[in-house]
Amino acid sequence: QVQLVESGGGLMQPGGSLRLSCAASDRAFKGYFVGWFRQAPGKEREFVAGVSMGVSTLYADSVNDRATISRDNTKNLVFLQLNRLKPDDTGVYYCASRLAVASSLPQQFEYWGQGTQVTVSS
């Protein structure tokens, strides 16, 4: 069974930090590039960050100096740390995976989680 499950969302304070987790089944993880996307109300889904099996990383310019993505290949986990949160970081955050090759295009990802809501507000 292919599964990606996100956790760690919630209400966050501006200026604070979040750490999201993505737990994946073997079929969606081993050998796969895993990315985080987010979607704000009324906006298109956008790439945030991604990490390969060999732990090469890719970041969107909008979060490049605030985000860290990592993965634990022994536990099929991927993490997204986002610092200095802004209200514009609000949205549903999705974990997704695609075989081998890095990409920032959502249409190129095969498997998706259900998403976790992040709201940044005081």
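Structure report, in brief.

The rules behind each value
- Residues numbered from 1 in each chain as written.
- Predicted model: local features only at pLDDT ≥ 70, side-chain atom pairs only at ≥ 80, totals over all residues.
- Heavy atoms only, no water.
- Helix = DSSP H or I, 4+ residues; strand = E, 2+ residues; numbered from the N terminus.
- Rg over C-alpha atoms; globule rule 2.2 N^0.38 Å.
- Buried < 20%, exposed > 50% of the residue type's maximum accessible area, 1.4 Å probe, protein only.
- Contact = heavy atoms within 4.5 Å.
- Areas by Shrake-Rupley, 256 points an atom, 1.4 Å probe, with all protein chains shown as cover.
- Salt bridge = Lys/Arg side-chain N within 4 Å of Asp/Glu carboxyl O.
- Pairing = 2+ DSSP bridges.
- Axes fitted to C-alpha atoms, helices over the stretch in contact; angles between N-to-C directions.
- Polar contact = N/O pair within 3.5 Å; in protein donor to acceptor, adjacent residues only side chain to side chain.

**Focus on the overall build of the protein chain**
If you tally the helices and strands in the protein chain, you get 0 helices and 11 strands. From first element to last, N terminus to C terminus, the protein chain shows the α and β order β-β-β-β-β-β-β-β-β-β-β. For 122 residues, the compact-globule estimate of 2.2 N^0.38 gives 14 Å, and the protein chain sits close to it at 13 Å. Oriented by its inertia axes, the alpha-carbon framework of the protein chain measures out at about 40 × 25 × 25 Å. Here the protein chain holds 122 residues, and the buried ones make up 43% of them. Within the protein chain, counting contacts between residues at least 6 apart in sequence, those at least 24 apart form 59% of the total. A total accessible area of about 6200 Å² is found for the protein chain, and carbon and sulfur atoms account for 48% of it.

**Side note on the pattern of salt bridges**
Where charged atoms from two side chains of opposite charge come close, those side chains can pair. Inspection of every chain in the model, using the stated rule, returns 5 salt bridges. Across the pair Arg66 and Asp89 runs a salt bridge, and its minimum N-O distance is 2.9 Å. In this pair, Arg66 is assigned in the loop between strand 6 (57–59) and strand 7 (67–72) and Asp89 in the loop between strand 8 (77–82) and strand 9 (91–99), connecting sequence segments 23 residues apart. Counted as one network, the salt bridges with shared partners bring together Arg38, Glu46, Arg66 and Asp89.

**Observations concerning the sheet that holds strand 7**
Paired through backbone hydrogen bonds, the strands of a sheet run either parallel or antiparallel to each other. Here 4 strands make up an open sheet; going across it, the order is 1-3-8-7 and the pairing antiparallel. The open sheet terminates on both sides in strands that have one partner only, identified here as strand 1 (4–7) and strand 7. Looking at each pair of strands side by side, their axes are set apart by 15° on average, direction ignored.

**Things to note about the environment of Phe109**
Residue position: Phe109 is located in the loop between strand 9 and strand 10 (111–112). Taking the C-alpha atoms as reference points, Phe109 and Phe33, separated by 76 residues in sequence, lie 8.9 Å from one another. When sequence neighbours within four positions are dropped, the list of residues in contact with Phe109 reads Phe33, Gly35, Phe37, Ala96, Ser97, Arg98 and Ser103.

**Brief notes about the side chain of Ser103**
Mapped onto the secondary structure, Ser103 falls in the loop between strand 9 and strand 10. Within the structure, Ser103 has its side chain in polar contact with the backbone nitrogen of Leu105 (distance 3.0 Å). Only 2.6 Å separates the side chain of Ser103 from the side chain of Gln108, close enough to count as a polar contact. Each residue touching Ser103, except ones within four places of it in the same chain, is listed here: Phe33, Phe47, Leu58, Arg98, Gln108 and Phe109.

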